[in-house]
Amino acid sequence: MPLAAASADTGDTAWLLAATALVLLMTPGLALFYGGMVRTKSVLNMLMMSFVSIALVTVVWLAAGYSLAFGEDAAGGLIGGLDHAGMSGLGPDSVQGTVPTLLFATFQLTFAIITAALVSGAVADRAKFGAWLVFVPVWALLVYVPVAHWVWGPGGWILDRLGALDFAGGLPVEIVSGASGLALCLVLGPRLGFKKDAMRPHNLPMVMLGAGLLWFGWFGFNAGSALGANGLAAAAFLNTLAAGCTGLLGWLFVEQKRDGHPTTLGAASGAVAGLVAITPSCGSVSLLGALVVGLTAGAVCSYAVSWKFKLNYDDSLDVVGVHLVGGVIGTLLIGVFAVESMTGGAEGLLYGGGLGQLGKQLLAVVVVAVYAFGVTYGIGKLIDATMGFRASEEQEQTGLDLTVHAETAYDHGVLGHGAPVSSSVVSSAQKVTPQA
């Protein structure tokens, strides 16, 4: 954590303001990405799970999350203190490095928001909306906030004691969301018809639009993590673009070889996989390393998304296959491709650094994944035991849009070439009582 300067740098501040807006845009982009991947009957519910995460995480972050994550260490590298609870003691003149502290806190808030939203993809189509409203703030405080302190906070054990590297969130964002998603999908169980019914994305143009917005926002995510308008931000920006491209190509290559067809869903997923993997490593590897990181993630994640069918866990929108696996790949490959010109010291295996850095990265991955999975599983089980986490069978069959939100994403009053919906369908829909 850089020492406070006398005043903020206007150039750095301007760039971080833009980067913060870019990262916030990623959550609506994720909503579209996820919304297009689910079936028609649960589109709005999927969008709502992302949008409500913005509100819930923001309140928690301002109340205590920021202070616990980025306040002075209060428990041996495990958690910060509450000196800044409610953002107390922070004003327009407070400075973090070369940017206003309030801006730094807001930038970090956008990371917490999208991490929570990412988890929702693992339980799409079957989670109670009311249970999600309870889960998000509790999870943010007990899972995301401690890991953020470990990795980025002053005195955090992963940063200061272990020496593992994570430039923009492979550990607290990607691995945490993936491991948490795996825990939740085990708590809720598979969707009705899993491995039997076709559950294809209902709107692939929406998926592509969401992926494009995610890619756009990712430049703020990664390059913004330099916390300044400087050469490191430029290098992270280029590495992000490069890895997204090779991730896309790697996924399409596997699809063509395995299935005989390169798909739009594969292109969108491959780009995201590459971006996930470069997130922790964009400030540590050279351009060549970024190309390899993205390509590796695109190819491996294209296989990883099918593991759920073999291992019988219903990760609805492949949070595990893309974010957990991609985050592990990107975090571990720092130990292989890190270069001194980017890190300022640490080097990977291929650049003369030996196995030391790789070992540090591996330990960080294992601890964070186990912690996120274990705590999330406990939270999920507690909510399930007290208020129920899974929607009823009737709600799931009818669709969460109508039964929970009393809305539908598309007007089906007219079908095909002007054929009206049958009165029995309308009557049946009107009898459904909305409930969370």
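Overview of the structure.

Conventions used here
Residues numbered from 1 in each chain as written. Predicted model: local features only at pLDDT ≥ 70, side-chain atom pairs only at ≥ 80, totals over all residues. Heavy atoms only, no water. Helix = DSSP H or I, 4+ residues; strand = E, 2+ residues; numbered from the N terminus. Expected span 1.5 Å × (residues − 1). Buried < 20%, exposed > 50% of the residue type's maximum accessible area, 1.4 Å probe, protein only. Salt bridge = Lys/Arg side-chain N within 4 Å of Asp/Glu carboxyl O. 1 Å grid on protein atoms, 1.4 Å probe; cavity = no way out; pocket = protein on both sides within 12 Å on 5 of 7 lines; lining within 4 Å. Points joined across faces, edges and corners; volume = space filled by probe spheres on them. Nonpolar A, V, L, I, M, F, W, Y, C, P; charged D, E, K, R; others polar. Core = buried A, V, L, I, M, F, W, Y, C linked by side-chain atoms within 4.5 Å. Axes fitted to C-alpha atoms, helices over the stretch in contact; angles between N-to-C directions. Parallel < 35°, antiparallel > 145°, perpendicular 65-115°, else oblique. Left-handed = near helix turned anticlockwise from the far one by under 90°. Contact = heavy atoms within 4.5 Å.

So, helix H3 (residues 101-119)
- Compared with the 27 Å implied by 1.5 Å per residue over 19 residues, the 28 Å span of H3 between its first and last C-alpha is a close match.
- Counting buried positions over the 19 residues of H3 gives 17, a clear majority of the element.

Description of the pattern of salt bridges
- Per the counting criterion, the structure on display carries seven salt bridges.
- Notably, a salt bridge pairs Arg-191 with Asp-314, separated by 2.7 Å at the nearest N-O pair. Placement of the pair is Arg-191 in the loop between helix H6 (170-188) and helix H7 (204-223) and Asp-314 in the loop between helix H11 (307-311) and helix H12 (319-337), with a sequence separation of 123 residues. Like Asp-314, Arg-191 is buried.
- The network of salt bridges with common partners includes Arg-39, Asp-125, Arg-126, Arg-191 and Asp-314.

Observations regarding empty space enclosed by the protein
- Applying the stated criterion to the full structure yields one cavity of 30 Å³ or more.
- Looking at the largest cavity, its volume works out to about 70 Å³.
- In this structure, the largest cavity is lined by 13 residues; those nearest its centre are Ile-114, Leu-118, Leu-214, Trp-218 and His-323.
- Per-element accounting of the lining of the largest cavity gives the leading share, four residues, to helix H1 (residues 10-37).
- Split by residue class, the lining of the largest cavity holds 11 nonpolar, one polar and one charged.

A look at the nonpolar core
- Counting 129 residues, the largest nonpolar core has Phe-33, Trp-61, Phe-135, Trp-139, Tyr-144, Ile-158 and Phe-221 as its most contacted members.
- The element contributing the most residues to this core is helix H2 (residues 43-70), with 16 residues.

Some words on the packing of H3 against H6
- Where H3 contacts H6, the axes come no closer than 8 Å and their chain directions differ by 30°. It follows from the interaxial angle that H3 and H6 lie roughly parallel. Classified by chirality, the crossing of H6 by H3 is right-handed. Residues Phe-111, Thr-115, Leu-118 and Val-119 of H3 form the contact with H6, whose own contacting residues are Pro-172, Val-173, Glu-174, Val-176, Ser-177, Ser-180, Gly-181 and Leu-184.
- Split into classes, the residues belonging to the contact of H3 with H6 amount to seven nonpolar, four polar and one charged.

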